Amino acid sequence: MTLATVPRYNNDQLPERRGNAVVSGASMAGLLAGRILADRFADVTIIERDHLPTEPVARRGVPQGSHPHALLEAGRATLEDLFPGFGESLTDAGGVVVDFASDVNFYGEGDFLAHGPTPMETYSATRPLIEQVVREHVSNLDGVHIRSDCQVTDYLLDATETAVEGVVIREGGEHTEITADLVVDATGRTSRTPAWLENQGYTSPEVEEVRIDVAYSTTFIERPADDLRTFLIPPSSPHTRGGMAAPVEGNRWVVSVHGVHGDHPPTDPDGLVEFAASLLTPEVKRLLDDHRQVSSDIEQYPFPTNRRYRYGDLNRFPDGLVVIGDGIASFNPIYGQGMSVAALEALVLHQTLAMGGREDLALQFFDRADEVIDTAWSLATGSDFAFPQTTGSKPFGTDLINWYLTRLVQKAHTDSSLSSAFFRVLTMEQPPTTLMRPRSMWRVFKPIG
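Thresholds, definitions, all that
- Residues numbered from 1 in each chain as written.
- Predicted model: local features only at pLDDT ≥ 70, side-chain atom pairs only at ≥ 80, totals over all residues.
- Heavy atoms only, no water.
- Helix = DSSP H or I, 4+ residues; strand = E, 2+ residues; numbered from the N terminus.
- Rg over C-alpha atoms; globule rule 2.2 N^0.38 Å.
- Buried < 20%, exposed > 50% of the residue type's maximum accessible area, 1.4 Å probe, protein only.
- Areas by Shrake-Rupley, 256 points an atom, 1.4 Å probe, with all protein chains shown as cover.
- Lys, Arg positive; Asp, Glu negative; His and termini not counted.
- Charge placed at Lys NZ, Arg CZ, Asp CG, Glu CD.
- 1 Å grid on protein atoms, 1.4 Å probe; cavity = no way out; pocket = protein on both sides within 12 Å on 5 of 7 lines; lining within 4 Å.
- Points joined across faces, edges and corners; volume = space filled by probe spheres on them.
- Nonpolar A, V, L, I, M, F, W, Y, C, P; charged D, E, K, R; others polar.
- Pairing = 2+ DSSP bridges.
- Axes fitted to C-alpha atoms, helices over the stretch in contact; angles between N-to-C directions.
- Core = buried A, V, L, I, M, F, W, Y, C linked by side-chain atoms within 4.5 Å.
- Contact = heavy atoms within 4.5 Å.
- Patch = residues over 30% accessible without salt bridge, like charges linked within 9 Å, V, L, I, M, F, W, Y side chains within 5 Å.
- Salt bridge = Lys/Arg side-chain N within 4 Å of Asp/Glu carboxyl O.
- Phe/Tyr/Trp six-rings, centres within 6.5 Å; stacked < 30°, edge-to-face > 60°.
- Lys NZ or Arg CZ within 6 Å of the ring centre and 35° of its normal.

Chemist: Quick one: what's the story with the overall build of the protein chain, residue by residue and with numbers?
Modeler: Scanning the protein chain from terminus to terminus reveals twelve helices and 19 strands. Taken over the C-alpha trace, the protein chain has a radius of gyration of 22 Å; the compact-globule value for 449 residues is 22 Å, and the two agree within 12%. Taken along the three principal axes of its C-alpha coordinates, the protein chain extends 70 × 50 × 40 Å. Out of the 449 residues in the protein chain, the part that is buried amounts to 56%. Accessible area of the protein chain: about 18,600 Å², with a carbon and sulfur share of 48%. Charged side chains of the protein chain number 37 positive and 62 negative; the gap between the two group centres comes to 4 Å.

Chemist: Explain the layout of surface pockets residue by residue, including any values.
Modeler: There is about 1,100 Å³ of room inside the second largest pocket. Forming the boundary of the second largest pocket are 49 residues, of which G61, T187, G188, R189 and T190 lie nearest the centre. Counting only elements with at least two residues in the lining of the second largest pocket, the list comes to α1 (28–37), β8 (150–157), α5 (193–199), β16 (299–309) and α8 (338–354). With five residues, β8 is the single largest residue contributor to the lining of the second largest pocket. In the lining of the second largest pocket, the residues fall into 20 nonpolar, 20 polar and nine charged.

Chemist: Requested: an account of the sheet that holds β8, with residues and values cited.
Modeler: Here we have three strands laid out as an open sheet, ordered β8-β9-β10, and antiparallel in their pairing. Strands at the two margins of the open sheet, each flanked by one partner only, are β8 and β10 (174–179). On average, each strand axis in the sheet is tilted by 25° relative to the strand beside it, whichever way the strands run.

Chemist: Which residues make up the environment of G271, and what values do they have?
Modeler: As for its placement among the helices and strands, G271 is situated in helix α6 (residues 269–277). Residues G271 and T230, spaced 41 residues apart in sequence, show a C-alpha to C-alpha distance of 22 Å.

Chemist: Talk me through empty space enclosed by the protein; I want residue IDs and the actual numbers.
Modeler: The method is simple in principle: a probe with the dimensions of a water molecule rolls over the atoms, and the space it marks as empty is what remains. A full pass over the atoms with the stated rule returns one cavity of 30 Å³ or more. Looking at the largest cavity, its volume works out to about 70 Å³. A per-class count over the lining of the largest cavity returns six nonpolar, two polar and five charged.

Chemist: Explain the nonpolar core residue by residue, including any values.
Modeler: Generally speaking, soluble globular proteins have nonpolar side chains that are buried together. Among the nonpolar cores identified, the biggest contains 86 residues, and L37, F86, V134, Y311, F317 and F365 are the most heavily contacted of them. Setting aside its immediate chain neighbours within four residues, F317 contacts L197, Y202, Y311, V323, A362, L363 and F366. The next biggest cluster of nonpolar side chains, apart from the first, holds 17 residues, and it includes I221, I233, F275 and L279.

Chemist: Outline the environment of S330, supporting the account with residue identities and numerical values.
Modeler: Looking at where S330 falls in the secondary structure, it is placed in strand β18 (residues 329–330). Note on S330: relative accessible area 2%, which makes it buried. With 43 residues separating them in the primary sequence, S330 and I373 have C-alpha atoms 9.2 Å apart. With residues up to four places along the chain from it excluded, the contact list for S330 reads R189, F303, N306, R307 and W377.

Chemist: Give a description of a nonpolar patch on the surface that names residues and reports values.
Modeler: On the surface, L400, I401, W403, M436, M441 and F445 cluster together into a nonpolar patch covering about 570 Å² of accessible area. Among the secondary structure elements, those contributing two or more residues to the nonpolar patch are α10 (398–412) and α12 (438–445). With three residues, the single largest contributor to the nonpolar patch is α10. With respect to the helices, strands and loops of the structure, L400 is situated in helix α10.

Chemist: Lay out the sheet that holds strand β2 (residues 43–47) with the relevant residues and their values.
Modeler: With parallel pairing, five strands are arranged side by side in an open sheet as β7-β2-β1-β11-β17. Where the open sheet ends on each side, the last strands, each with one partner, are β7 (144–147) and β17 (321–323). Taken over all neighbouring pairs, the strand axes of this sheet differ in orientation by 15° on average, direction set aside. Both strand β1 (residues 20–24) and strand β11 (residues 182–185) contribute to a ladder of four bridges, which runs parallel. The partner of S24 across the bridge, within β11, is D185. Packing of α1 onto the sheet brings it into contact with β1, β2, β7 and β11, and relative to β2 it is tilted by some 175°. Contacts from helix α9 (residues 361–384) reach β11 and β17, with the element oriented near 20° to β17.

Chemist: I'd love a proper account of a positive patch on the surface, names of residues and values included.
Modeler: Together, R49, R60, R170 and R192 line one region of the surface with positive charge. Examined against the element boundaries, R192 turns out to sit in the loop between β11 and α5. Residue classification places R192 among the exposed positions, given a relative accessible area of 55%.

Chemist: Can you break down the environment of G262 residue by residue, with the values?
Modeler: In this structure, G262 sits in the loop between β15 (252–259) and α6. Along the sequence, G262 and A215 sit 47 residues apart, while their C-alpha atoms lie 7.8 Å from each other.

Chemist: So what's going on with the packing of aromatic side chains? Residues and values would help.
Modeler: Summed over all chains, the structure comprises 17 aromatic pairs. A centroid spacing of 6.3 Å and a plane angle of 40° characterise the contact between Y309 and Y311, whose relative ring orientation is tilted. For the residue pair Y309 and Y311, the accessibility class agrees, reading buried in each case. Three or more aromatic residues joined by ring pairs make a cluster, and in this case those are Y309, Y311, F317, F365 and F366. Here R40 stacks its cationic end above the ring of F41, 5.9 Å away from the centre of that ring. Seen from the ring of F220, R252 lies directly overhead, with NZ or CZ sitting 4.6 Å from the centre.

Chemist: Describe the pattern of salt bridges, with residues and values.
Modeler: A complete count under the given rule lists 24 salt bridges for this structure. The salt bridge involving R135 is made with E131; its shortest N-O contact spans 3.3 Å. You can see R135 and its partner E131 sitting in helix α4 (residues 127–139), four residues apart, about one turn around the helix. For the pair shown, R135 and E131 are each scored as buried. Through salt bridges with shared partners, one network takes in E48, D50, R59, R127, E131 and R135.

Everything listed here is a matter of coordinates, which is why it stays silent on function.
Set out below in structure tokens:
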């Protein structure tokens, strides 16, 4: 599923608000889940282990927070639906508007893709700023309470041991029980739910991994206020190195270089520039040469594997509990899918709640969420499998699809219609099948000249 195939948000579908819900984790997935639950439950409590800052700064619980994040079209449109005025709030806080069709320069197969024929505007900002703006919108919702500096340590089971009816939290050395009609686990890759299920006699979901062993190093540099150039240079087999630069708040570019399969970038300024010089095109290095670095440190984040928990394959799961976000699936961050997948999963949760009662809610949600994850998983791991060193379960037809996409990208160097169609798939606005439509295939295979 993508933005075009997931039903959009409609708050007229839900019954009267009643009961209470708990969300474990104030990540983007947790905040979006809290927004959805606020339509259905009279009281929603979001529990966060970290101390939540009042300023847009990276926090310990989001180790990738200092690095680039993309708000793809699927995420942008969904946030606008869920939080009217979100875009204005973000730009008022310093975020910038970029046009994928004219500001974004995507390098692939030996050249940059042609700029698109129609605008595709989105927002560009740091992860801490996006998260802060979303958190402020969620905090203003009636009945929602965000509690920081405390942690969910366990789930409470009912007498039949078939339903979760609350959580145990640790706060300031004290343990407290909170009852809830629904608990949402949004703790991401550190989720303890699989182990908890096994300890309670349930089947833990199977885990699927695709190993890419990527790490990226990130810095910030000065940017002229009117310069919105964005560069995306993904690794392309056999070249294991890539980089990017995007305009963000504070008249800065966030600049990142990355390497896959152990070809990791350094964390010192000179080494970063040297690494950037080895990319397939010089634009990122030129930015580093021509603009002063304004961050005190170069941050690095390693990401060994794409990981997916197959909750949708389970036949039995406790009522009153749902897992969302990176706790279900996390993807190679080079492709910037995380926040947008979380947004689409929130829409799926909204639709699942609207369709009926809470019995078997989780299994219904997981089944529908799989359709969102399938698309993102295929896009991310399919690109990763362009490298022969990548290990794991390769999606069926990956090699043929990669061959077709290679030809499509080559034609998109000069064909703006193809580049636009390609970007609409990358941003999860349209499903990948749109690239196989007769009109696109004709443009891909027609002779040059």
